[in-house]
Amino acid sequence: MAPPVAVIALLGALATVVSITVLVAGLVRLIFVPFSLVFEARHHRPDDARPVDVGTVFTEPPFVSVIVPAYNEGVVIANCLRSIANSAYDRYEVICVDDGSTDDTYAIARSVADELAQVTALTQPNSGKGAALNTGIAHARGSVLLLVDADGLFQPHTITRMLHAFRDDDIGAVCGNDRPVNLDRTQTKFLALISHLGTGLMRRAMHELRCLPIVSGNIGAFRRNVLDAVGPVREDTVGEDLELTWRVYGAGYRVAFAPHALLYAESPSTPRALWRQRVRWARGLLQVTRRHRRMVGNLRYGTFGAFLVFNTVTQILVPFLQVAAVVVIAALAVLGDVPAIPRDLWTLLVLLGVPVSVLLLLVAVALDRAPRDLRYGWTLPAWPVYSALMSLVMVRAVWLELKGAENRWNKLDRTGTVSVDGLVDGRGTSS
């Protein structure tokens, strides 16, 4: 039995819009390639033996407070804390804040703290990630605060490489480089490969353009005096890391990228988990854009203010245009006004879009020095499905905002899977 005309029309419209999106996104990213190459030419891999008070804003090696908020992280928290405690940098403390977990997170953190003098375990009633971070900040003694998620696994030189990125007085925060650690499923292998477009390509370029828009909640370092100036982490948003970053720019500072400061963390391992994570990110963007709407297009904030116009259009407006285009093209096809499946156009778009996207991916992987991830190239046919899913994420996020859905941790359910050798026992991996 042949599929209904409406179904054929919908699939044809979806294929066309996704193809156009992939092509346009690829062409836009091409603009950023020269800036990524400039970054690479200017910022060589740091010498881990070089003291952090040479070539940085520090006059002496700073004391670093690593703050780890945790909610129901019993599966991963011990490995996280132990990996930090295996750091080669020796002036640090680790403060783990249990946010009223219902599992054994706090008991495990206390056990690690009893064993390792650098680790302190605190607990509080469930109040949200922002509140847990603020509790940790209040107890921290460091002049640099490193905020990380509870599933993160450090390399021995992660802290040192984060500190090396504080080269100039106007750098208020540093974003590290997070990579997937659970490479046991098709989805996580796919995410590991395409994530290089963000970390390898875009973050390098946006560093050079002085408009890196987020200090990742997975691994971000802030100078204490900058946090004192901008105020505490907001507790009423699901995008606390994004919101804090925008306030750093608002205070006259900028964000640097430290690509060699690696942290391995879990990626969503199921489609449902991926959907929930991306919806949470989209809601965070909506909340932060609404709260700081005066920064959008405001040249008082330099290239960052200008970039926010681009960011708002591409991340918030375009997804709605994509969905609307699918509906319109499908409706016209059903009515007979356009071919049910515009094969020639679709073929042209694919022939143009695929090579551009693959080229960009190869450049990004090369910049991240991760050629082994190309072995996951067989997962790339999932890219169109992923693109279509991402178009719907913002629609769902707007709906949740309009209905006033509660802000929750809504974090991933951890599996504890570690597919990268040498992380748990502190030996480290090559980068």
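The structure we're discussing is the one just above.
These figures come from a predicted structure and were not determined experimentally. (Residues numbered from 1 in each chain as written. Predicted model: local features only at pLDDT ≥ 70, side-chain atom pairs only at ≥ 80, totals over all residues. Heavy atoms only, no water.)

A. Just the sheet that holds strand S8 (residues 254–265), in detail. Strand order across the open sheet formed by eight strands is S3-S2-S1-S4-S7-S6-S8-S5, with mixed pairing between neighbours. Every interior strand has two partners, whereas the edge strands, strand S3 (119–124) and strand S5 (153–154), have only one. (Pairing = 2+ DSSP bridges. Helix = DSSP H or I, 4+ residues; strand = E, 2+ residues; numbered from the N terminus.)

B. Highlighting the nonpolar core. By size, the foremost hydrophobic cluster in this structure holds 67 residues, and its most contacted members are Leu 201, Phe 222, Trp 246, Trp 383 and Met 394. Element by element, the count of residues in this core is highest for helix H13 (residues 383–402), at seven residues. Dropping the residues within four chain positions of it, Trp 246 is found in contact with Pro 213, Leu 285, Val 288, Thr 289, His 292, Met 295, Phe 304, Leu 308 and Asn 311. (Core = buried A, V, L, I, M, F, W, Y, C linked by side-chain atoms within 4.5 Å. Buried < 20%, exposed > 50% of the residue type's maximum accessible area, 1.4 Å probe, protein only. Contact = heavy atoms within 4.5 Å.)

C. Seen up close, the pattern of salt bridges. Considering all chains together, one arrives at 22 salt bridges under this definition. For Glu 40, the salt bridge is made with Arg 204, and the minimal N-O distance between the two is 2.9 Å. Placement of Glu 40 in helix H1 (residues 5–42) and of Arg 204 in helix H7 (residues 196–208) is noted, with a sequence separation of 164 residues between them. As far as the burial class goes, Glu 40 and Arg 204 line up, both buried. One continuous salt-bridge network, built from bridges that share partners, spans Glu 40, Arg 179, Arg 204, Asp 368 and Arg 369. (Salt bridge = Lys/Arg side-chain N within 4 Å of Asp/Glu carboxyl O.)

D. The arrangement of a nonpolar patch on the surface in detail. A grouping of Val 309, Val 313, Leu 317 and Leu 321 is seen on the molecular surface, where their side chains present a nonpolar patch of about 320 Å² in accessible area. Relative to the assigned elements, Leu 321 resides in helix H11 (residues 303–335). (Patch = residues over 30% accessible without salt bridge, like charges linked within 9 Å, V, L, I, M, F, W, Y side chains within 5 Å. Areas by Shrake-Rupley, 256 points an atom, 1.4 Å probe, with all protein chains shown as cover.)

E. Highlighting the packing of aromatic side chains. Per the stated rule, a full pass over the model turns up seven aromatic pairs. Considering the side-chain rings of Trp 246 and Phe 304, the 5.9 Å spacing of their centres and the 85° angle between planes classify their relative orientation as edge-to-face. With Trp 246 in helix H9 (residues 240–250) and Phe 304 in helix H11, this pair connects stretches of sequence that are 58 residues apart. Owing to a relative accessible area of 1%, Trp 246 belongs among the buried residues under this scheme. A centroid spacing of 3.8 Å and a plane angle of 0° characterise the contact between Tyr 249 and Phe 304, whose relative ring orientation is stacked. Here Tyr 249 is found in helix H9, whereas its partner Phe 304 is found in helix H11, with 55 residues between them in sequence. Comparing Tyr 249 with Phe 304 shows no difference in burial state: the two are buried. Ring pairing ties together the aromatic residues Phe 32, Phe 307 and Phe 310, which thus form one cluster. (Phe/Tyr/Trp six-rings, centres within 6.5 Å; stacked < 30°, edge-to-face > 60°.)

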